[in-house]
Amino acid sequence: MAHRIISQIVITGSRVLGRAFAEAYRQASASQKYAAAAGKGSTGNTFTSSGLTLDEACKILNVPPPKGGETNMEQVMERFKRLFDQNDPKKGGSFYLQSKILRARERIELEVREAKETAEREQELREGWKPKVFKDR
């Protein structure tokens, strides 16, 4: 009698556990397909770690978007410092806003850096490769 009850409990438990694993696998598979489709359809205009677009970053810091990869970084840094200090949690500001301001500055810096690297690469391709050789004195 006892072995019958124990075997029924084991069988029922394994069925429940099996169904739970199957459902978790289906959800993970669907999530993976959704993430792949979302990543494929993006234009590359988002900053991967924060999801902040260049337009959002410029609006947060109230600066014009970089034209051709060039912007006034002094103005960006001045606005960043002012807003970052105003939103200091020790002064009653918001940590969330402070982190958004930091991410906005990082996003603009990333855009300028990538444009600069692309321009350097294109210039090197036009002029040809000229290695930088340093001679010992």
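Preceding this paragraph is the structure being described.
Residues numbered from 1 in each chain as written. Predicted model: local features only at pLDDT ≥ 70, side-chain atom pairs only at ≥ 80, totals over all residues. Heavy atoms only, no water.

Undergrad: I'd like to hear about the nonpolar core, residue by residue, with values.
TA: Ranked by internal contacts, the top residues of the largest apolar core, which has 13 residues, are Leu61, Val63 and Ile108. Those elements giving two or more residues to this core turn out to be α2 (54–61), α3 (73–86) and α4 (95–127). For isoleucine 108, the residues in contact, after removing those within four places along its chain, are Leu54, Ala57, Cys58, Leu61, Val63, Thr71, Met73 and Val76. (Core = buried A, V, L, I, M, F, W, Y, C linked by side-chain atoms within 4.5 Å. Buried < 20%, exposed > 50% of the residue type's maximum accessible area, 1.4 Å probe, protein only. Helix = DSSP H or I, 4+ residues; strand = E, 2+ residues; numbered from the N terminus. Contact = heavy atoms within 4.5 Å.)

Undergrad: Just give me the short version of a negative patch on the surface, but keep the residues and values in it.
TA: On the surface, a cluster of negative charge is made up of Glu114, Glu117, Glu120, Glu124 and Glu127. The topology assignment puts glutamate 124 in helix α4. Taking relative accessible area as the criterion, glutamate 124 reaches 43% and is therefore assigned partly exposed. (Patch = residues over 30% accessible without salt bridge, like charges linked within 9 Å, V, L, I, M, F, W, Y side chains within 5 Å. Areas by Shrake-Rupley, 256 points an atom, 1.4 Å probe, with all protein chains shown as cover. Salt bridge = Lys/Arg side-chain N within 4 Å of Asp/Glu carboxyl O. Lys, Arg positive; Asp, Glu negative; His and termini not counted. Charge placed at Lys NZ, Arg CZ, Asp CG, Glu CD.)

Undergrad: Please give an account of the packing of aromatic side chains that cites residues and values.
TA: To describe a pair of aromatic rings, you give the distance between the ring centres and the angle between the ring planes. Counting across every chain of the model gives one aromatic pair. Residues phenylalanine 80 and phenylalanine 84 carry aromatic rings whose centres are separated by 5.2 Å and whose planes lie at 35° to one another, so their mutual orientation is tilted. Remark: phenylalanine 84 and phenylalanine 80 occur in helix α3; sequence separation between them is four residues, near one turn of the helix. Since its relative accessible area comes to 26%, phenylalanine 84 is described here as partly exposed. Sitting above the plane of the phenylalanine 80 ring, arginine 105 keeps its charged end 4.5 Å from the centroid. (Phe/Tyr/Trp six-rings, centres within 6.5 Å; stacked < 30°, edge-to-face > 60°. Lys NZ or Arg CZ within 6 Å of the ring centre and 35° of its normal.)

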